[in-house]
Amino acid sequence: MLFNSWQFIFLFSVTAVFYFNSPYRLRMPILLVSSYIFYMYWRWDFAVIMLLVSITNYLAGRFIANEKSRIRKKRCLLLAVAISLVPLFYFKYGDFFLENLNVLLSVSSSEKQFSYLNLVLPVGISFFTFQALSYSLDVYFGKTPVERNFVRFGAFVAFFPQLVAGPIERSSNLLEQLKAPRRFNRNYFLQGSKLFVWGLFKKVVIADRLALYVDKVFESPDAYSGLTLIIATLFFAFQIYCDFSGYSDMAIGAARILGFKLMQNFNLPYFSKSISDFWRRWHISLSSWFGDYLYRPLGGSRVSYIKWIRNILLVFLVSGFWHGAAWTFIIWGGLHAFYYFMESWGDVFLKRVGKVELKKSMVYRIFKVVSVFVSVCYAWIYFRANSLQDAFLITEKIFTDWSQGWFFGGSTVTYVLSWFFIMLLVIVQILQYKGYSSLYFSKSKFHPIIEYGWTVVLLLGISLLGLSSKSFIYFQF
């Protein structure tokens, strides 16, 4: 059930009406039932996995909170982590390991080969697994109180506005909000509706339009020139941003209408002045998850230099592997680790040559924004390419094949519109960056008439230019 579908609008509307007009004791059951209906729209049997993960972490939290022995607490936590990750690894990474095992067997001249599982990946499994695990980890580390109401905890794990693609919420935020009664709030309704419409516009008007060009070029990269591949990569950078941030905006907006405030997941990432800044602005919920539960437990930056390099490299490689069971995603993560190291070494170099003040100049800051964007775009090639061979071919052709012109796509009108909407997005984001336009419920400097007029324009754009329903990119993760 996609956000950009009438089925979702109907389910959400019915849920909201019943939620706000029911006694408090019935509100969590309503949210829980609606969330499972939403999830079972794809496949009902996959809901069993989500239920298993919910029960596991609920019981783990209860045991950890009641147990006195530190060793038993740790064993319980490790067991909960293992049980929660087994379905994720089986469905998402089973074929990846079998494929690489078959390669090793063929290299060793063994005739033994394993058949692939060819499983359908449960939608959003990475998201709800990490959300449930964050609760058990927080209870273990004493960061959040134990939840004794299973219905409430189940609603926290399965909360349908952000269930299948985040943001990955923490119990200290969403679970605590679920404990308090929510009344219909007109301002929340208007805030949430405006953000939902903006997210829907980014998805169905911008991202889905760019996808027409991107999908065609990346499907057969050998057929196109280096210039066309550069344009396709640039288009993909904006496609994945509008697709994923569009989903996050719709999730946050829908939750706001119900009275909840989810964490911000994107904060103008293509205005970043460094790779570390980029990861504070892109998929914030996942970046902070790895920071809290992997990077800092390993020692963070409070370790020796070699161990710090290990920590950074491990976090980025795991992040890449989280995104997909393919070497292209692992290389994508490794590239970001490399950028991070180069950036760190560059800062050390500027300090040693006494040019630290250079970082304050306008020219240097513009250079950093452009260089970060170009670096991120290059890494996107590996994220989007269908195989390592395609990624290497695209890289080669970008630097060598400039003999042909560029491809206009299936329609020149669509191609021109794609550039128009990219420029429109950049203008809006500049206004958001400068604080003129609203970003994540911030107060706009424009008159309310202009704000609501802009929302009407977006709705017209969606109705006139919105493309047919396409699944969100991050549903596959």
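Residues numbered from 1 in each chain as written. Predicted model: local features only at pLDDT ≥ 70, side-chain atom pairs only at ≥ 80, totals over all residues. Heavy atoms only, no water.

> Hey, could you run me through the overall build of the chain in this one?
For the chain, the count of helices and strands is 17 helices and 0 strands. The C-alpha atoms of the chain give a radius of gyration of 23 Å, which matches the 23 Å a tight globule of 477 residues would have. Taken along its principal axes, the extent of the C-alpha atoms in the chain is 65 × 65 × 55 Å. When burial is assessed residue by residue, the chain has 52% of its 477 residues classed as buried. Of all intrachain contacts in the chain linking residues separated by at least 6 positions in sequence, the fraction that spans at least 24 positions is 75%. For the chain, the accessible area works out to roughly 22300 Å², and carbon and sulfur atoms hold 67% of it. (Helix = DSSP H or I, 4+ residues; strand = E, 2+ residues; numbered from the N terminus. Rg over C-alpha atoms; globule rule 2.2 N^0.38 Å. Buried < 20%, exposed > 50% of the residue type's maximum accessible area, 1.4 Å probe, protein only. Contact = heavy atoms within 4.5 Å. Areas by Shrake-Rupley, 256 points an atom, 1.4 Å probe, with all protein chains shown as cover.)

> Where do I start with the pattern of salt bridges in this structure?
For side chains of opposite charge, pairing can occur when their charged atoms come near one another. According to the stated counting rule, one finds 16 salt bridges in the structure shown. With a closest N to O distance of 2.8 Å, Arg170 and Asp292 form a salt bridge. Taken together, the residues span a long stretch of sequence, with Arg170 in the loop between helix H6 (150-158) and helix H7 (171-178) and Asp292 in helix H11 (residues 284-295) at a distance of 122 residues. In this structure, Asp277 and Arg280 form a salt bridge, with 4.0 Å as the shortest nitrogen-oxygen distance. Placement of both Asp277 and Arg280 in helix H10 (residues 275-281) is noted, with a separation of 3 residues, approximately one turn of the helix. By relative accessible area, which is 53% here, Arg280 ends up exposed. (Salt bridge = Lys/Arg side-chain N within 4 Å of Asp/Glu carboxyl O.)

> When you look at helix H1 (residues 6-20) in this model, what are you seeing that I'm missing?
Side chains three or four residues apart in an α-helix point the same way, a direct result of the helix having 3.6 residues per turn. The end-to-end C-alpha distance of H1 is 21 Å, a good match for the 21 Å that 15 residues give at a rise of 1.5 Å each. As for H1, its buried residues are in contact with helix H2 (24-40), helix H8 (186-219) and helix H9 (226-257). (Expected span 1.5 Å × (residues − 1).)

> So what exactly am I meant to see when it comes to the environment of Phe130 here?
Considering the arrangement of structural elements, one finds Phe130 in helix H5 (residues 125-140). Between the alpha carbons of Phe130 and Glu169 there is a distance of 8.9 Å; along the sequence they are 39 residues apart. Contact partners of Phe130, with chain neighbours within four places excluded, come to Leu88, Ile168, Leu286, Trp289, Phe290 and Trp322.

> What exactly am I supposed to notice about the packing of aromatic side chains here?
Aromatic ring pairs are reported here in terms of the distance separating the ring centres and the angle at which the planes meet. Taken as a whole and judged by the stated rule, the model has 78 aromatic pairs. Where Phe38 meets Trp42, the ring centres are 5.3 Å apart and the plane angle is 90°; that geometry is what we call edge-to-face. Judged by its relative accessible area of 0%, Phe38 falls in the buried class. Measuring from centroid to centroid gives 5.9 Å for Phe238 and Phe373, while their planes differ by 50°, and the two rings are tilted. With a gap of 135 residues between them, Phe238 in helix H9 and Phe373 in helix H14 (residues 362-384) connect regions that are remote in the sequence. When sorted by exposure, Phe238 lands in the same class as Phe373, which is buried. Residue placement shows Arg256 over the ring face of Tyr188; its charged tip is 3.9 Å from the ring centre. (Phe/Tyr/Trp six-rings, centres within 6.5 Å; stacked < 30°, edge-to-face > 60°. Lys NZ or Arg CZ within 6 Å of the ring centre and 35° of its normal.)

> What is the right way to look at the packing of helix H3 (residues 46-66) against H5 in this model?
For any two helices packed against each other, one specifies the crossing angle of their axes together with the interaxial distance. Interaxial distance between H3 and H5 falls to 9 Å at its minimum, and their mutual angle equals 5°. One finds that H3 runs roughly parallel with respect to H5. For the pair formed by H3 and H5, the contact residues are Ile49, Met50, Val53, Asn57, Tyr58, Ala60, Gly61, Ile64 and Ala65 on the first element and Ile125, Phe128, Thr129, Ala132, Leu133, Tyr135, Ser136, Val139 and Tyr140 on the second. When grouped by side-chain class, the residues that make up the contact of H3 with H5 number 14 nonpolar, 4 polar and no charged. (Axes fitted to C-alpha atoms, helices over the stretch in contact; angles between N-to-C directions. Parallel < 35°, antiparallel > 145°, perpendicular 65-115°, else oblique. Nonpolar A, V, L, I, M, F, W, Y, C, P; charged D, E, K, R; others polar.)

> Would you explain the environment of Val205 in this entry?
Considering the arrangement of structural elements, one finds Val205 in helix H8. Relative accessible area serves as the criterion here: at 0%, Val205 is assigned to the buried category. Spatially, the C-alpha atom of Val205 lies 42 Å from that of Leu101, the residues being 104 residues apart in sequence. If we skip the residues at most four places from it in the chain, Val205 touches Leu200, Phe421, Gly461, Ile462, Leu465 and Gly466.

> Would you take a moment to explain unusual backbone geometry for this structure?
Trans peptide bonds make up most of the peptide bonds, and negative phi angles are found at most residues other than glycine. Positive phi, normally seen in glycine, also occurs at Asn118, with a value near 50°. Relative to the elements of secondary structure, Asn118 occurs in the loop between helix H4 (70-107) and H5. Although it is not a glycine, His283 sits at a positive phi angle of roughly 45°.

> Would you mind going over the nonpolar core with me for this structure?
Generally speaking, nonpolar side chains in soluble globular proteins are found buried as a group. Core analysis: the largest hydrophobic core is formed by 142 residues, its most contacted members being Leu31, Tyr270 and Trp380. In contact with Leu31, not counting residues within four places along its chain, are Thr15, Tyr19, Ala155, Phe159, Phe160, Leu178, Leu258 and Phe260. (Core = buried A, V, L, I, M, F, W, Y, C linked by side-chain atoms within 4.5 Å.)

> Help me out: how do you make sense of H8 in this one?
Here H8 is 34 residues long and its end C-alpha atoms lie 46 Å apart, about the 50 Å a rise of 1.5 Å per residue gives. A side-chain oxygen of the first residue of H8 lies 2.9 Å from the backbone nitrogen of Asn187; this N-cap is Asn185. (Polar contact = N/O pair within 3.5 Å; in protein donor to acceptor, adjacent residues only side chain to side chain.)

That is the geometry; function is a separate question.
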